[in-house]
Amino acid sequence: MTEQLLISSQGATGLPWWASIMCTTLALRTVVTLPLGAYQMVIIGKVEALQSEIAELAKRLRNEVSVRAQERSWTERHCRYQFKKNLRRIVSELYIRDNCHPFKASLLIWVQLPMWLCLSLALRNLSMASSAAGSETAGVVLPEVRDPLPAWSHHPDGPHRRHGPLVYGSVLAEL
């Protein structure tokens, strides 16, 4: 699917392959990762804003637990257990209330990593003309992809031929 996206992108724009790869990467990052990055910042901001409220609630909870401990003669270990259990519950309720669970802030990496991997593998497959047997690009030789990218390999049969697209894709991913 990613190979077809790259081929379609190059066919639609008519740009050289190197420019087409850069434009496709830029478009994917703009359409997919930019909104997720903005969402990640919003979530992190909400979590940071809750920290003062969490600290205040923790202080109040610590007082309540110490009062209960004296009433029921709890051990120090049981006091810590009750405090941690109730604090976890309170923090979870706050995250639900403000819709800002910290795991949502990691959504970007869970989308960006597979996208980078698919793009890197598609570049490798296109440069080596070794697409999956069932794909539409299977057996299609695209010398334009291999030849104009001297950064991938100094010699056409060089040992770094397989790793070049991954390195090139990672450089583009960092742009």
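Just so we're clear, the structure is a prediction, and the values are computed from it rather than from any experiment. (Residues numbered from 1 in each chain as written. Predicted model: local features only at pLDDT ≥ 70, side-chain atom pairs only at ≥ 80, totals over all residues. Heavy atoms only, no water.)

1. Considering the packing of aromatic side chains
Scanning the entire structure with this criterion turns up 0 aromatic pairs. Over the aromatic face of Phe83 sits the side chain of Arg62, whose NZ or CZ is 4.3 Å from the ring centroid. (Phe/Tyr/Trp six-rings, centres within 6.5 Å; stacked < 30°, edge-to-face > 60°. Lys NZ or Arg CZ within 6 Å of the ring centre and 35° of its normal.)

2. Some remarks on the pattern of salt bridges
All chains considered together, the criterion is met by 5 salt bridges. Between Glu56 and Arg60 there is a salt bridge, with its nearest N and O atoms 2.9 Å apart. Of this pair, Glu56 and Arg60 both sit in helix 2 (residues 17-72), 4 residues apart, which is roughly one turn of the helix. Asp98 is the partner of Arg97 in a salt bridge, and the nearest nitrogen-oxygen pair spans 3.0 Å. Here the residues in one salt-bridge network are Glu53, Arg97 and Asp98, joined through shared partners. (Salt bridge = Lys/Arg side-chain N within 4 Å of Asp/Glu carboxyl O. Helix = DSSP H or I, 4+ residues; strand = E, 2+ residues; numbered from the N terminus.)

3. Overview of the environment of Leu28
Mapped onto the elements, Leu28 comes out in helix 2. For the pair Leu28 and Gln112, spaced 84 residues apart in sequence, the C-alpha to C-alpha distance is 9.7 Å. Here Leu28 is in contact with Leu5, Thr33 and Met115, once residues within four sequence places are set aside. (Contact = heavy atoms within 4.5 Å.)

4. Describing the packing of helix 1 (residues 2-13) against helix 4 (residues 107-128)
For the pair helix 1 and helix 4, interaxial distance at closest approach is 8 Å and the crossing angle is 70°. With respect to their mutual orientation, helix 1 and helix 4 come out roughly perpendicular. Along this stretch, helix 1 crosses helix 4, giving a crossing that reads as right-handed. In this structure, helix 1 contributes Thr2, Glu3, Leu6 and Ile7 to the contact, and helix 4 contributes Cys118, Leu119, Ala122, Leu123, Asn125 and Leu126. Of the residues contributing to the contact of helix 1 with helix 4, the split by class is 7 nonpolar, 2 polar and 1 charged. (Axes fitted to C-alpha atoms, helices over the stretch in contact; angles between N-to-C directions. Parallel < 35°, antiparallel > 145°, perpendicular 65-115°, else oblique. Left-handed = near helix turned anticlockwise from the far one by under 90°. Nonpolar A, V, L, I, M, F, W, Y, C, P; charged D, E, K, R; others polar.)

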